[in-house]
Amino acid sequence: MSWPAFYDRFTPERLEFLKRCLERAMARVVFEALPTRATESLEACDIREIVAIDSTLIPLHPDLA
């Protein structure tokens, strides 16, 4: 499979579908991971975005320093 053929499969409609699937799966994981009391308070405030901070260090090539 070539790269263009792979990327051509991601039509705007398919990307929207995958985005909704991911959002639903992430919401389900969050609500299942939290205690019952916390999920009751979260249901009232429709959370749409979560910012995750990653502190991964990636070495920079000397020519880019």
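Residues numbered from 1 in each chain as written. Predicted model: local features only at pLDDT ≥ 70, side-chain atom pairs only at ≥ 80, totals over all residues. Heavy atoms only, no water.

(A) Layout of the pattern of salt bridges. What the rule picks out here adds up to one salt bridge. With a shortest N-O distance of 3.2 Å, Arg20 and Glu16 are connected by a salt bridge. You can see Arg20 and its partner Glu16 sitting in helix α2 (residues 12–33), four residues apart, about one turn around the helix. Arg20 gets classed as exposed once you look at its relative accessible area, which sits at 57%. The exposure class assigned to Glu16 is partly exposed, which follows from its relative accessible area of 36%. (Salt bridge = Lys/Arg side-chain N within 4 Å of Asp/Glu carboxyl O. Helix = DSSP H or I, 4+ residues; strand = E, 2+ residues; numbered from the N terminus. Buried < 20%, exposed > 50% of the residue type's maximum accessible area, 1.4 Å probe, protein only.)

(B) Seen up close, the confidence of the model for the chain. Scored by pLDDT, the chain has a mean of 75; 66% of the residues are at 70 or more. Ranking the elements of the chain by mean pLDDT puts helix α3 (residues 36–44) last with 56 and α2 first with 86. (pLDDT = per-residue confidence, 0-100.)

(C) Region of the structure containing a nonpolar patch on the surface. Taken together, the side chains of Phe6, Tyr7, Phe10, Leu15, Phe17 and Leu18 define a hydrophobic patch exposed on the protein surface, amounting to about 580 Å² of accessible area. Put simply, the parts of the chain that give the nonpolar patch at least two residues each are α1 (3–8) and α2. Per element, the largest residue contribution to the nonpolar patch is three residues, and it comes from α2. Note that Leu18 resides in helix α2. (Patch = residues over 30% accessible without salt bridge, like charges linked within 9 Å, V, L, I, M, F, W, Y side chains within 5 Å. Areas by Shrake-Rupley, 256 points an atom, 1.4 Å probe, with all protein chains shown as cover.)

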